Amino acid sequence: MDVVLAEKYGFCAGVRVADKLVRIAVGKGQSGAILGQVVHNESVEKEMAGLGFPTVHRLEEAREHAGRIVFSAHGVAPSVRAEAEALGLAAIDTTCKFVTDIHREIARSLDDDCFIAVLGQKGHREVIGYTKDLDPSRYEVFYDLDEVVAFPWEAHPRVKVVFQTTLNADRFADHVAEMRRRVADLRIADTICYATKENQDALRALCADPSIDAIVVIGGRHSKNTKELVRIAEESKRTIFVGTAADLREEDFSGMRKVGVTAGASTPDYDVEAVVSRLRAMG
Ligand code: SF4
C-alpha cells in the first residue's frame, strides 16, 4: 500500500513555539503545570506530564507543581494572568502571536466604540480568552447562522468581526454576508490562521487525487482543526480518524492500494511518523 503525506500537515508555528518553550524550561531543570492542554493532543499531554509539566485545570493546582504555570498557545484572558500573579505563580506564556494580535484588535475596536462579533465556538479556550473579561453587552459569539439571523443588530451600528483562528472561512461567508445586510458600519478582521488553511488546502489536493482510496487524519479528539480536516476529507474520501498509530486497524485498509495522510495542527511529528510506518508495514 502506498502512503502519501499531505504537502502540509501537523504542528503549526504557534504550537512548535509552545512545545519548544516548555522543553526549554525542562532543559533548565524546571517543572510546573500546564493550564489546560498545551495543545489539544493526548500524546503531547502525556509526554509533557512525563517531563514534569502535567495538565491542570485550575491555577491553584500549580502551587503543587513548583508554583509555575504554562499558558497554552490558545491564550488566556488578562484576568487569568493577573490571578496567576496574585497567587505568586511564575508564568511561561506560550500564547501564539496570532492570538495575541486578536486580543489587541479587540481592545482597539472596543476603544473605537465597536460591538465585537466573535465568529467561533463559545466553549473554545481561545474564544474564552478573548471574551472572559469583556462587558457582556459589548460582544457576542456566533457559530450557527441562525444565531446571526436572530441577533438584534439594529442596536449595534458599528461592529467589528473577528474569527477564531482555526475556523474554516468558507463556512462563515454567509454569516458575514448576513451581518453586512444588517450593520451600517461592519469592520472585518480576517483573523483565520494561515497554518490551518495551509493544512486544509494540502488535504484538498490529496482528496483530488483519484488514485487515493482513503484518507487517514491524525489528531486529538478535542482538536477543532483536526475535526475540520476530518470533515473536509469526508466530503470526498473514505476517512479514518486516529489519535495515534495504536488506533489503526488493519481490516479498515483491506483491498486499498494507496492512502493519504494528514494531521491536525496539534499533532506531533512522532505520531505522524508512527502512523506512516505502521501503514507502510501493513502494505
Ligand atoms: S493554529 Fe495558527 S493561531 Fe493557532 S497556534 Fe497554530 S499558528 Fe497559532
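Just so it is clear, the structure is predicted and the values come from calculations on it, not from any experiment.

**Remarks on the sheet that holds strand β6 (residues 115–119)**
Line of reasoning, step 1. In space, the four strands of this open sheet follow the order β7-β6-β8-β9, with parallel pairing throughout. In this open sheet, the two edge strands, each paired with only one partner strand, are β7 (139–142) and β9 (185–189). With direction set aside, neighbouring strand axes in the sheet form an average angle of 20 degrees.
Line of reasoning, step 2. Those strands touched by helix α4 (residues 97–111) are β6, β8 (158–163) and β9, and its axis lies near 175 degrees from that of β8.

**Focus: the pairing of strand β10 (residues 214–218)**
Regular strands place their side chains on alternate faces of the sheet.
Line of reasoning, step 1. Where burial is concerned, most of β10 is hidden: four out of the five residues are buried.
Line of reasoning, step 2. Here β10 runs beside strand β11 (residues 238–242); their pairing, made up of five bridges, is parallel. In the strand pairing of β11, Ala214 is matched with Arg238.
Line of reasoning, step 3. Taking the sense of rotation as the criterion, the β-α-β connection linking β10, helix α9 (residues 224–234) and β11 turns out right-handed.
Line of reasoning, step 4. Bridge count for β10 against strand β12 (residues 258–263) is five bridges, and the pairing is parallel. Pairing of Val217 across the sheet is with Thr262, part of β12.

**Topic: the site of the ligand**
Line of reasoning, step 1. Around the ligand, 14 residues are found, and the nearest of them are Cys12, Gly14, Cys96, Thr165 and Cys193.
Line of reasoning, step 2. Contributing elements (two or more residues each) for the shell around the ligand: α1 (13–27), α4 and α8 (194–207).
Line of reasoning, step 3. For the shell around the ligand, the per-class residue count stands at 10 nonpolar, four polar and no charged.

**Thoughts on the sheet that holds strand β2 (residues 33–35)**
Line of reasoning, step 1. The sheet built from four strands is open, its strands ordered β3-β2-β4-β5 with parallel pairing. Each end of this open sheet is capped by a strand with a single partner; those strands are β3 (55–56) and β5 (90–93).
Line of reasoning, step 2. As paired elements, strand β4 (residues 68–71) and β5 share four bridges and run parallel to each other. Paired with Arg68 across the bridge in β5 is Ala90.

**Regarding the domain arrangement of the chain**
Line of reasoning, step 1. Under the domain assignment used here, the chain contains domain 1 (2–10 + 195–282), domain 2 (13–96) and domain 3 (98–189).
Line of reasoning, step 2. Computed over C-alpha atoms, the centres of domain 2 and domain 3 are 28 Å apart.
Line of reasoning, step 3. If you look at the interface, domain 2 gives 11 residues, while domain 3 gives nine residues.

**Brief notes about the nonpolar core**
Line of reasoning, step 1. Counting 48 residues, the largest nonpolar core has Val38, Ile69, Val70, Ala117, Val118 and Leu119 as its most contacted members.
Line of reasoning, step 2. Aside from chain neighbours lying at most four places away, what touches Val70 is Val22, Gly32, Ile34, Leu35, Val38, Phe53, Ile92 and Thr94.
Line of reasoning, step 3. Core analysis: the second largest hydrophobic core is formed by 20 residues, Val217, Ala233, Ile240 and Val272 among them.

**Digging into the packing of α8 against α9**
Line of reasoning, step 1. Across the interface, α8 lies against α9 with an axial gap of 10 Å and an inter-helix angle of 25 degrees. Here α9 runs roughly parallel to α8, going by the angle between their axes. Here α8 and α9 pass one another in a crossing that is right-handed. Seen from α8, the contacting residues are Thr196, Asn199, Gln200, Leu203, Arg204 and Cys207; seen from α9, they are Asn225, Glu228, Leu229, Ile232 and Ala233.
Line of reasoning, step 2. Of the residues that constitute the contact of α8 with α9, the class distribution is five nonpolar, four polar and two charged.

**Details of unusual backbone geometry**
Line of reasoning, step 1. Unusually for a residue other than glycine, Ala66 sits at a positive phi of about 65 degrees.
Line of reasoning, step 2. Positionally, Ala66 belongs in the loop between β3 and β4.

**Topic: α4**
Line of reasoning, step 1. Between its first and last C-alpha, α4 extends 21 Å over 15 residues, near the 21 Å set by a 1.5 Å rise per residue.
Line of reasoning, step 2. Those residues of α4 not exposed but buried are Phe98, Val99, Ile102, Ile106 and Ser109. Along the axis of α4, the buried residues cluster in a sector spanning 100 degrees; they form a single face. Exposed and oriented more than 90 degrees from the buried face of α4 are Lys97, Arg104, Arg108 and Asp111.
Line of reasoning, step 3. As for α4, its buried residues are in contact with α1, β6, α5 (125–131) and β8.
Line of reasoning, step 4. Phi for Asp113, located one or two positions after α4, is positive at around 70 degrees.

Criteria and thresholds
- Sequence order as written defines the numbering, with residues in each chain counted from 1.
- Whole-chain, interface and lining totals are the exception, using all residues; otherwise, since this is a predicted model, local features are given only for residues with pLDDT of at least 70 and side-chain atom pairs are given and counted only at 80 or more.
- Whether two strands pair depends on DSSP finding at least two bridges between them.
- Where helices and strands are cited, they refer to DSSP runs of H or I of at least four residues and of E of at least two residues respectively, numbered from the N terminus.
- Note on definitions: angles span 0 to 180 degrees between N-to-C directions of axes, and those axes are lines fitted to C-alpha atoms, for helices only across the stretch in contact.
- Here contacts are defined at the residue level, using C-beta atoms placed from the backbone and a cut-off of 7 Å between them.
- Buried means a residue has 20 or more other C-beta atoms within 10 Å of its own C-beta, exposed means 12 or fewer, and partly exposed covers the counts in between; C-beta atoms are placed from the backbone.
- Call a crossover right-handed when, viewed with both strands pointing away from you, the route from the first strand across the helix to the second goes clockwise.
- Any residue qualifies as near a molecule or strand once its backbone-derived C-beta atom lies within 6 Å of it.
- Amino acids outside the nonpolar list (Ala, Val, Leu, Ile, Met, Phe, Trp, Tyr, Cys, Pro) and the charged list (Asp, Glu, Lys, Arg) are all regarded as polar, and Gly is one of them.
- Note that the domain bounds were set by an automatic or database domain assignment.
- As used throughout, a nonpolar core is a set of buried Ala, Val, Leu, Ile, Met, Phe, Trp, Tyr and Cys residues joined through C-beta atoms within 7 Å of each other.
- Each angle receives one of four descriptions, namely roughly parallel if under 35 degrees, roughly antiparallel if over 145, roughly perpendicular if within 65 to 115, and oblique otherwise.
- Helix crossings are classified by the rotation of the near helix relative to the far one: an anticlockwise turn of less than a right angle makes the crossing left-handed, while a clockwise turn makes it right-handed.
- Here the expected span of a helix is defined as 1.5 Å times the quantity of residues minus one.
- Directions pointing from the helix axis toward each C-beta atom define the arc.

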